[in-house]
Amino acid sequence: MEELNFLAVETPGERLKIMKEFSVRFHKRASEIDEKGLFPFENIRELIDSGYTMLTIPREYGGVEISLYELVRLQEEMAAGDGSTALSMGWHMSVVYNLFEKKTWPEETLSFLVKEISTGALINSAASEKETGSPTRGGKPVTAAEKSGDGWIINGRKVFTTLAPMLDYFIVSATIAETGETGNFLIPRMTKGVHIEETWDSLAMRGTASHDLLLENVRLEKEAFVEKIRPGQKAPNGGLLHVPACYLGIAGAAKNYAVDFAKRYSPNSITGPIIQLPEVKNRIGEMEILHMQSKHFLYSVAGLWDSAHPEKRSGLGPELAAVKYSVTNAAIKIVDLAMRVVGAGSLSMKCPLQRYYRDVRAGLHNPPMDDVTLKVLADRAAEING
Ligand SMILES: Cc1cc2nc3c(=O)[nH]c(=O)nc-3n(C[C@H](O)[C@H](O)[C@H](O)COP(=O)(O)OP(=O)(O)OC[C@H]3O[C@@H](n4cnc5c(N)ncnc54)[C@H](O)[C@@H]3O)c2cc1C
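A brief report on the enclosed structure follows. (Residues numbered from 1 in each chain as written. Predicted model: local features only at pLDDT ≥ 70, side-chain atom pairs only at ≥ 80, totals over all residues. Heavy atoms only, no water.)

### Overview of the pattern of salt bridges
A full pass over the atoms with the stated rule returns 25 salt bridges. In this structure, the salt-bridge partner of Glu-46 is Arg-29, at a minimum N-O distance of 3.0 Å. Here Arg-29 lies in helix H1 (residues 12-36) and Glu-46 lies in helix H2 (residues 41-49), a separation of 17 residues in the sequence. The exposure class of Glu-46 is buried, given its relative accessible area of 17%. One salt bridge in this structure joins Glu-101 and Lys-102, with 2.8 Å as the shortest N-O distance. Connected via shared salt-bridge partners are Arg-25, Arg-29, Glu-42 and Glu-46. (Salt bridge = Lys/Arg side-chain N within 4 Å of Asp/Glu carboxyl O. Helix = DSSP H or I, 4+ residues; strand = E, 2+ residues; numbered from the N terminus. Buried < 20%, exposed > 50% of the residue type's maximum accessible area, 1.4 Å probe, protein only.)

### Describing the pairing of strand E7 (residues 211-220)
Burial within E7 is extensive, with 7 of its 10 residues counted as buried. As judged from the 4 bridges shared by strand E6 (residues 194-197) and E7, these two strands associate in the antiparallel manner. What sits directly across from Val-194, in E7, is Leu-215. (Pairing = 2+ DSSP bridges.)

### Topic: the packing of aromatic side chains
The geometry of an aromatic ring pair is captured by two quantities: the separation of the ring centres and the angle between the planes. Counting across every chain of the model gives 12 aromatic pairs. Ring-pair connections join several aromatic residues into one group, and the members of that group are Phe-6, Phe-22, Phe-26 and Tyr-52. (Phe/Tyr/Trp six-rings, centres within 6.5 Å; stacked < 30°, edge-to-face > 60°.)

### A few points about the packing of helix H3 (residues 68-81) against helix H7 (residues 278-307)
Interhelical geometry of H3 versus H7 gives an angle of 150° and a closest axis separation of 8 Å. Classified by the angle between their axes, H3 and H7 sit roughly antiparallel to one another. Here Leu-68, Tyr-69, Val-72, Arg-73 and Glu-76 of H3 come into contact with H7, specifically with Leu-298, Tyr-299, Ala-302, Gly-303, Trp-305 and Asp-306. Classifying every residue of the contact of H3 with H7 by side-chain character gives 7 nonpolar, 1 polar and 3 charged. (Axes fitted to C-alpha atoms, helices over the stretch in contact; angles between N-to-C directions. Parallel < 35°, antiparallel > 145°, perpendicular 65-115°, else oblique. Contact = heavy atoms within 4.5 Å. Nonpolar A, V, L, I, M, F, W, Y, C, P; charged D, E, K, R; others polar.)

Listed below in structure tokens is the structure:
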């Protein structure tokens, strides 16, 4: 199979071309991954080998430092091939993007992480717990960190740890027993007491292997405590636009499938294909509008983020949340419309639309949640109106 290398090219256009090739490859594997609930090892390995994980690392650390706009575009294209691969890789990319954009971690830890990533390491945030539900709603982690000599002992269970089979590092939120404060701990996979329990049995995004992470008397050096979490003061992470990008990519694939079907399907009750029928045209037109609105909203906010001075980005939280809300809900509608165009055949397990239908649903349960977004927007509107 042809070697695809993001580091051997220079421009965003060339990198997009490479991702389009990956996307076609991933699409061919997507149905088996979904049907058997497999983790897409091959896809993720090929992305690492192609240098993809170096793209969001700043130039001063030896990376390519692509813009948020470009990251989002590449993630959307990946998702058109396979949603599970895109959501999984998207978490790693957005975590790394945010770490180097904010630089709230000690410099030595960041430099160490770059070395690890350059040799293929993957990282994700393990923040969700059964007891807290979505961390976006402000629940305090039950996972506990206790001081032990100069270091720490961590105990707890995290749920929904996407990419679990290939993660080398977990960013684990925990409550510090002595102070009641919360913080993030960087935990290497190979540490004694770190286990993955294969609990992921979801009907959507089946390939993300978002299993439970068990932490049993995990002993860490003091440097593992990388940052305090200050409730209500979390600066927005532009990298989280990988989430709406993922669902837009899936919706785009559904739209293309339906349009292609409508151009080819010619039942003997009419002359020619169904694309000429007014009701089919209406549905396709509606899909187009939703898709166009989503694309423009997503990329306009990504561009706004890129062009804003880093200090001004802290005010863009409501925009990021609104994009996630709007694009994810539009993606669900687009897939629904695509299935109405195709008819009962869309329910066949052989048809990719049934997978898109299940996968886009997961977007409702990725952060920020719709209710949180509506509250943020309502609060801001109230502030504006004084
Ligand atoms: C495919 C996928 C991948 C994921 N990957 C990761 C990952 O890599 N790392 C990670 O940490 N997490 C991950 N998550 C978890 C995700 O971020 C959420 O924590 C998880 O989906 C639970 O969110 P929830 O809204 O269902 O849960 P809850 O917050 O428990 O909400 C459940 C219901 O209760 C209601 N509710 C609960 N509390 C409140 C409240 N205070 N106010 C109002 N309503 C409330 C809500 O309306 C909701 O309907 C992933 C989730 C999915 C689906």
